[in-house]
Amino acid sequence: MTETHIDPVCGMKVEEARAAGKVTHRDKTYWFCGKGCVARFEAEPEKYLKPKPAMVQIGGMAPATHVDPVCGMKVVEERAAGKVAYQGETYWFCGKGCVARFEAEPEKYLNVKPSMVQIGGMAPATHVDPVCGMKVVEERAAGKVTYKDKTYWFCCKGCVAKFEAEPEKYLNAKPVMVQIGGMMPAIHVDPVCGMNVEEARAAGKSVYKDKTYWFCSKGCVARFEADPERYLNPKPAPKESGDQSKVIYTCPMDPEVRQLGPGACPKCGMALEPLMATAEEGPNPELVDMTRRFVWSAVLTAPIFALMISAMLPGMPLQALLGKWEVPLEFALATVVVFWGGAPFFERAWRSVANRSLNMFTLISIGTGAAYFYSVAVWLIRGSREVYFEPAAGITVLVLLGQVLELRARGRVSGAIRELLRLKPETARLVKNGVEKDVPLAVVAVGDVLRVLPGQRVPVDGTVLEGSSSVDESMLTGEPVPVDKGPGMVVSGGTLNGAGSFLMRAERVGSETVLARIVQLVSEAQRSRPPVQRLADRVSGLFVPAVLAVSLVTFLAWYFLGPAPQMTHALVNAVAVVIIACPCALGLATPMSVMVATGRGATAGLLIRDAAALETLDKVDTVVIDKTGTLTEGKPALTSIEPLGAWRPEELLALAASVERSSEHSLAAAILAAADERGLAAPAAEEFRVRPGKGVMGRVQGRRVLLGTEALLAEEGVDAAPVAAVAERVRGTGQTAALVAVDGAAVGVLGLADPVKPSAAAAVAQLKAEGLRVVMLTGDSKATAARVASSTGIDEVLAEVLPADKAAAVARLQKEGRKVAMAGDGINDAPALAQADVGIAMGAGTGAAIESAAVILLRDDLAGLVRARRLGRATLGNIRQNLFFAFVYNLLGVPVAGGILYPFFGLLLSPMIASAAMTFSSLSVISNALRLRRLKL
């Protein structure tokens, strides 16, 4: 397996063997996916090696990346093939074809049903093109054909024509893709690229070890014949915790700082940490180094402190023993401790001066350096024994201890991501040619059939083919109740299978799985910065110069105004001021809380895309909620059966289901589902006909059945008067009335409606209990909206709002001074989600909605909205506590270190005590942030 690199221009993964080009810059080689990326890099290499932070969509700020409304692909503005302005909004496209389709029928693509993106949600309404085997979404199909009472969807007009010419050829083809029980498939998988290849259309074939393989192109044939074992038995990918020099590291305080391999931040001097957490924690090289320096420095410092304590005892036994060698011994030991143990501090201090970014290591180096060099000077020049080698060495040891404790605590911050990553199993059970074998997860490809055994974790995202079980999805959705899974249902990688066993088809693998996308989004959010961080940034920018000025004033005041010995007091207090005023706690206050909170949210089914959303959620006073798909299930269901006379409800439903079995209407699916739930036999109707907009009809076991509106019954000569009152009553409750007539007589009414989600009413009640104003925003009729509002407890309803006007409705609330959170799931909700102060998308919603939202609810219910609100409030409160700790330590510690209490109480603060206080301030901030891991949502 060739080595994989990241294209520094576009960020795509590139295999060396398949790279379009490579460039060597500053003794390092970079690989690229296309010639365009090569040219851009050669023109401005530094632009891509030191990129600015990615643009984040907050509130009304335009994102750098959009979703093509036609095909659903992500499109970067500067690389878009075109853009179109429509009803005040601009849309970007991946190709000219998508531009043309959108301009011809914009409403077709802006008002489609949710079907594009699924994060922990249900699969979209897709079909398999019987000609080419591609997946086709109903709304975007190039055509459909009804044959023998069954409808087939197609990806292009060519497939439609081929099917209409020879339908039996494609419907009676041999099994495709999967080979079970020795049956020979008509379509094979190219072992090189993984594409499906039809024998008749294969570009070539190759026989290896008495087995024939088919290929999509001559290139794949050549690669396979050159090294067949490479593709038939690929080696597992290297573990994530491999070569640290190839891992991107960043700074928690300055997330724009990124480099390959570990090191120190050039701005703040803090140890860098991996940009992406890994499942295997592995040894932190910075922690290993600091621990080694701390241990040896502590050993060397112990004799210095022994001499200091001995000097306080009667008889001075050690001093008498050492005589004139006492100070040289302290000098030798302190020199090793200060300049070897404290070498990283001096290196970072020098870098801070060179970069004009003074930081905590600037202060530490000045403090320890001043004590050390002053001691050397008075010993060599004056021969004095009044030296301060023990503070210099002691401060170094305490700061090293602080670094060790801080690095260990920081390592626990990414614990939530590591827990998610550990959900991914290392192997999967592949079913091929009727044989099952365990293979490394890295070799699983889209289309593979896998078996999931009881108690195992689902390896990748896919669809259940055979068998059933209950699956625990709690680590992805926060919902503790296992979900029953059967054929046709979606399963997500990392979830835990129960007692059953099932076969599944892999549909998303590697970085495309739900789990991988969650980890990526959380990692990106952890590096973002909320607006409250600006306060800490402003203070930090002036902090170090101000501390140095205070230290200088302290030295001068004690030297000229203090009691004897003036130099001793001046030096000790000035050093204490410099040491205790460490800005590290101030810089860590916000990032630590954000990192822990976003990780905690991920384990509770909340994806926070940007830290600003956490702060905004705390300030929100109005929640606007879309109806369809957000408050309701988003698909109709049979809610009532109203038979007349002697007709029984089951008879009425069975006849209706028989007629609807050949229908494509969304209401047909609801009627069929209700019949299946009741176990009713519903054979397909004969003489089936559709009257668009009016209903359907057919003959069921000799009976002529009509199902639809009054207009349909009137056209067929049926008197609808007997059921008119019933139909009106059903409509009055917000349901859709479907009239049923049998053999020329109206016999009943079926009521259908989009049911309200079970969690909706409780979620609305909790939001109102927290003092939030809850508003429903929908394009549906006022009667339907009123029914849903009544059942969920919402008092304020904005109904019959066009998709283009939803953003304007949110803007009106904002003009009233409201902080608005918007929850929605459809493409038509995307503008409103972007307009809101914080957009919240349902995980099963469309890609446009998810791209426009700052918060994604993985589990498709509104209880997540309440959890998101609580997480935001807790996070901002935690940040405020951290900032309080940081400011209090400095506001109280600096004056005390300067000697403000000496005139009143005779108290002075030792530099070593100041060093311990500095360490404790950082640890208190990190420990307080870690409390969010236990937050109950």
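No experiment lies behind these values; they were computed from the predicted model shown.

Cut-off values and rules
- Residues numbered from 1 in each chain as written.
- Predicted model: local features only at pLDDT ≥ 70, side-chain atom pairs only at ≥ 80, totals over all residues.
- Heavy atoms only, no water.
- Helix = DSSP H or I, 4+ residues; strand = E, 2+ residues; numbered from the N terminus.
- Buried < 20%, exposed > 50% of the residue type's maximum accessible area, 1.4 Å probe, protein only.
- Contact = heavy atoms within 4.5 Å.
- Areas by Shrake-Rupley, 256 points an atom, 1.4 Å probe, with all protein chains shown as cover.
- Phe/Tyr/Trp six-rings, centres within 6.5 Å; stacked < 30°, edge-to-face > 60°.
- Salt bridge = Lys/Arg side-chain N within 4 Å of Asp/Glu carboxyl O.
- Expected span 1.5 Å × (residues − 1).
- Arc of directions from axis to C-beta.
- Core = buried A, V, L, I, M, F, W, Y, C linked by side-chain atoms within 4.5 Å.
- Pairing = 2+ DSSP bridges.
- Axes fitted to C-alpha atoms, helices over the stretch in contact; angles between N-to-C directions.
- Parallel < 35°, antiparallel > 145°, perpendicular 65-115°, else oblique.
- Left-handed = near helix turned anticlockwise from the far one by under 90°.
- Nonpolar A, V, L, I, M, F, W, Y, C, P; charged D, E, K, R; others polar.

A. Here's a closer look at the overall build of the protein chain. Each helix and strand counted, the protein chain has 34 helices and 41 strands in total. Residues counted as buried form 48% of the 937 residues belonging to the protein chain. Counting contacts in the protein chain only where the partners sit at least 6 residues apart, residues at least 24 apart contribute 61% of the total. As displayed, the protein chain has an accessible area near 42,700 Å², and 58% of this comes from carbon and sulfur atoms.

B. Representation of the packing of aromatic side chains. Per the counting criterion, the structure on display carries 16 aromatic pairs. For the pair tyrosine 152 and phenylalanine 163, a centre-to-centre distance of 5.2 Å together with 45° between the ring planes defines the contact as tilted. Placement of tyrosine 152 in strand S12 (residues 150-154) and of phenylalanine 163 in helix H5 (residues 157-165) is noted, with a sequence separation of 11 residues between them. Side by side, tyrosine 152 and phenylalanine 163 carry an identical accessibility label, which is buried.

C. The arrangement of the environment of alanine 377 in detail. Turning to its location among the elements, alanine 377 is positioned in helix H13 (residues 360-382). For the pair alanine 377 and valine 387, spaced 10 residues apart in the sequence, the C-alpha separation amounts to 9.1 Å.

D. Representation of the pattern of salt bridges. Going through the model one piece at a time under the given rule, you end up with 27 salt bridges. Of the charged contacts, one joins lysine 619 and glutamate 615 as a salt bridge, the two residues approaching to 3.2 Å between their closest N and O atoms. With lysine 619 and glutamate 615 both in helix H21 (residues 611-619) and four residues apart, this pair spans about one turn of that helix. Classification of glutamate 615 as buried rests on a relative accessible area of 8%.

E. Fine view of unusual backbone geometry. Residues other than glycine seldom take positive phi values, yet glutamate 687 does so here, at roughly 55°. When you line up the elements, glutamate 687 lands in strand S32 (residues 686-691). When its relative accessible area of 56% is taken as the criterion, glutamate 687 is described as exposed. One non-glycine residue, glutamine 701, lies in the positive phi region at around 50°. Relative to the helices and strands, glutamine 701 is located in the loop between strand S33 (695-700) and strand S34 (703-708). Owing to a relative accessible area of 72%, glutamine 701 belongs among the exposed residues under this scheme.

F. Molecular detail of helix H26 (residues 721-732). Over its 12 residues, H26 extends 17 Å from the first C-alpha to the last, a length consistent with the 16 Å expected when each residue adds 1.5 Å. Regarding H26, the residues found buried are Val723, Val726, Ala727 and Val730. Buried positions in H26, seen along its axis, are confined to an arc of 105° and lie on one side of it. Projecting away from the buried face of H26 at angles above 90 degrees are the exposed residues Ala721, Ala725, Glu728 and Gly732.

G. Quick peek at the nonpolar core. Of all hydrophobic cores here, the largest spans 44 residues; its most connected members are Leu631, Val838, Ile840, Val855 and Leu865. Counting 31 residues, the second-largest nonpolar core is a separate cluster that includes Ala393, Ile395, Val397 and Leu571.

H. View of the sheet that holds strand S41 (residues 855-857). Pairing is mixed in the open sheet, where seven strands are placed in the order S29-S41-S40-S39-S30-S37-S38. With partners counted over all chains shown, the strands left at the sheet margins are strand S29 (606-608) and strand S38 (796-798), one partner each. Pairs of neighbouring strands in the sheet enclose a mean axial angle of 20°, with direction left out of account. Looking at chain direction, strand S30 (residues 622-626) and strand S39 (residues 820-824) are connected through four bridges and run parallel.

I. Structural context of the pairing of strand S24 (residues 469-472). Burial of S24 is one-sided: the residues Ser469 and Val471 facing one way are buried, the residues Ser470 and Asp472 facing the other way are not. Where S24 and strand S25 (residues 483-485) come together, three bridges link them in antiparallel fashion. Bridging across to S25, serine 470 finds its partner in aspartate 484. With two bridges connecting them, S24 and strand S27 (residues 496-497) associate as antiparallel partners. Each bridged residue has a counterpart across the sheet, and for aspartate 472 the counterpart in S27 is leucine 496.

J. Up close: the packing of helix H19 (residues 566-580) against helix H32 (residues 863-898). Relative orientation of the contacting elements H19 and H32 amounts to 170°, with a least axis distance of 8 Å. Considering their axes alone, H19 and H32 lie roughly antiparallel with respect to each other. In this structure, H19 crosses over H32, and the sense of that crossing is right-handed. In this structure, H19 uses Asn573, Ala576, Val577 and Ile580 to contact H32, whose residues at the interface are Asn890, Gly893, Val894, Ala897 and Gly898. Split into classes, the residues belonging to the contact of H19 with H32 amount to five nonpolar, four polar and no charged.

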